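Below, each chain spelled out in residue letters.
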Amino acid sequence: MFHTVIQGQFPITQNVTVVEGGTANMTCRVDYNDNTSLQWSNPAQQTLFFGDKKALRDHRIELVRASSQELTIRVNDVSLSDEGQYTCSLFTMPVRTTKAFLIVLGVPTRPEITGFTKPAMEGDEITLTCSTSGSKPAAIIRWFRNDKEVQGTLEVNATGKSFTVRSSLQFQVDKGDDGVAYTCSVEHVSLSSPYMTTEVLEVHYAPQLKITHSLIIPQEGQYFKLECVFIGNPIPEPVLWSKDGGDLPDIERMIVEGRELTITTLNKTDNGTYRCEASNHMGTSFAEYVLFVYDPNALGQHGPDHALIGGVVAVVVFITLCLIIVLGRYLARHKGTYLTHEAKGAEDAPDADTAIINAEGNHVHAEEKKEYFI
């Protein structure tokens, strides 16, 4: 039965946003109603409820509240296909309708990183791809190299009502990438916190070596140690030591323990070029150190070097003092000449009285023009 419209008889609804798989409550209200029926219809214009009477056989849809001023229904386990414009109708004459939009957010899948080869070889070109599907609207993918964000190449494809998103990183690996964590982060309005996945890159590279030594000035009779410090993946083993292109000549005094070479008591015969060499399947590398053993007695004769330094300092101080004295005399001389010329007028006076007057006047001016040097 239709009723004439009375002021206040107009259905009121609100748009609803829900995450896929969640529950949506659709409410329609009127401020005044004289027992006129309310009805909810889906986007296909199928009646869901007419008052408290269920019209569509869908077990997911149920009645929450039905009265003369309100009709609330619930849609459970919402899917993307439920999204659309729902209609609340008030059967007056004419029929009054109001639209409410049900927005369904598609939840993205957890990201997956592909393209990792374990291990990668130094110099290889690799492409890492992070992908996620099922998002609506399209998810945002961000890449991080350790804690620093890096930019990837984005690709978005629609799959029905949802989206598949991919982001790729392409780069040439080097030893600096060994052990670096690459993280893909997926952000979406349906998520309270980003989905993240991390892969750690392993890079194989040839060894790099250097030799460190325990003494700055090795002297005869001292204990001396060389260490072959290296990086490489896989770890290069073993370390081989040699001297002047051949084997170590004195294995009793020259002790090799792993990467260390120790000479227990240095002497002049130890002078020469020492080499450490290490290999892995990526290559072979070496480092060299030239050893010169000093005579401690000869080093003692170098004591005058300190005296030489002291002598140089003394000469510099002497020259500085001379410059100060010369400068002081120069300034004093010019100051005296200046005052003497100021009094020159007394010498040119025709008589004694004029000379006294000129001298007194010049003396006054001299006091005014006197300059002081410090």
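Residues numbered from 1 in each chain as written. Predicted model: local features only at pLDDT ≥ 70, side-chain atom pairs only at ≥ 80, totals over all residues. Heavy atoms only, no water.

A short note on unusual backbone geometry
Of the consecutive residues Lys136 and Pro137, the connecting peptide bond is found in the cis state with omega at -5°. For the bond from Asn233 to Pro234, the omega torsion is 0°, close enough to zero to count as cis. Along the chain, the position of Pro234 falls in the loop between strand E22 (224–233) and strand E23 (240–243). We note that Gln45 has phi near 65°; this positive angle belongs to a residue other than glycine. Along the chain, the position of Gln45 falls in the loop between strand E4 (38–41) and strand E5 (47–50). Relative accessible area serves as the criterion here: at 51%, Gln45 is assigned to the exposed category. (Helix = DSSP H or I, 4+ residues; strand = E, 2+ residues; numbered from the N terminus. Buried < 20%, exposed > 50% of the residue type's maximum accessible area, 1.4 Å probe, protein only.)

A short note on the sheet that holds strand E9 (residues 84–90)
By way of backbone hydrogen bonds, the strands of a sheet pair with one another, either parallel or antiparallel. With mixed pairing, the six strands of this open sheet are ordered in space as E2-E11-E9-E4-E5-E6. The strands lining the two open edges of the sheet, one partner per strand, are strand E2 (16–19) and strand E6 (53–54). Relative to E5, E4 runs antiparallel, the two being bridged by three bridges. Opposite Ser41, over in E5, you have Thr47 as the bridge partner. (Pairing = 2+ DSSP bridges.)

Observations regarding the side chain of Ser285
As for its placement among the helices and strands, Ser285 is situated in strand E27 (residues 283–291). Looking at Ser285, its side chain comes within polar contact range of the main-chain oxygen of Pro207, at 2.5 Å. Not counting the four nearest positions on each side in its chain, Ser285 is found in contact with Pro207, Leu209, Cys276, Glu277 and Ala278. (Polar contact = N/O pair within 3.5 Å; in protein donor to acceptor, adjacent residues only side chain to side chain. Contact = heavy atoms within 4.5 Å.)

Description of the pattern of salt bridges
According to the stated counting rule, one finds 17 salt bridges in the structure shown. Note that Glu187 is salt-bridged to Arg142, the shortest N-O span being 2.8 Å. Highlighted residues: Glu187 in strand E19 (residues 181–187) and Arg142 in strand E15 (residues 140–145), separated in sequence by 45 residues. Relative accessible area serves as the criterion here: at 28%, Arg142 is assigned to the partly exposed category. Across the salt bridge formed by Asp270 and Arg253, the nearest N and O atoms sit 2.7 Å from each other. Placement of Asp270 in the loop between strand E25 (260–263) and strand E26 (272–280) and of Arg253 in the loop between E23 and strand E24 (254–257) is noted, with a sequence separation of 17 residues between them. Exposure class is identical for Asp270 and Arg253. Each is buried. Salt bridges here are not isolated pairs; linked through shared partners, they connect Arg29, Arg65 and Glu70. (Salt bridge = Lys/Arg side-chain N within 4 Å of Asp/Glu carboxyl O.)

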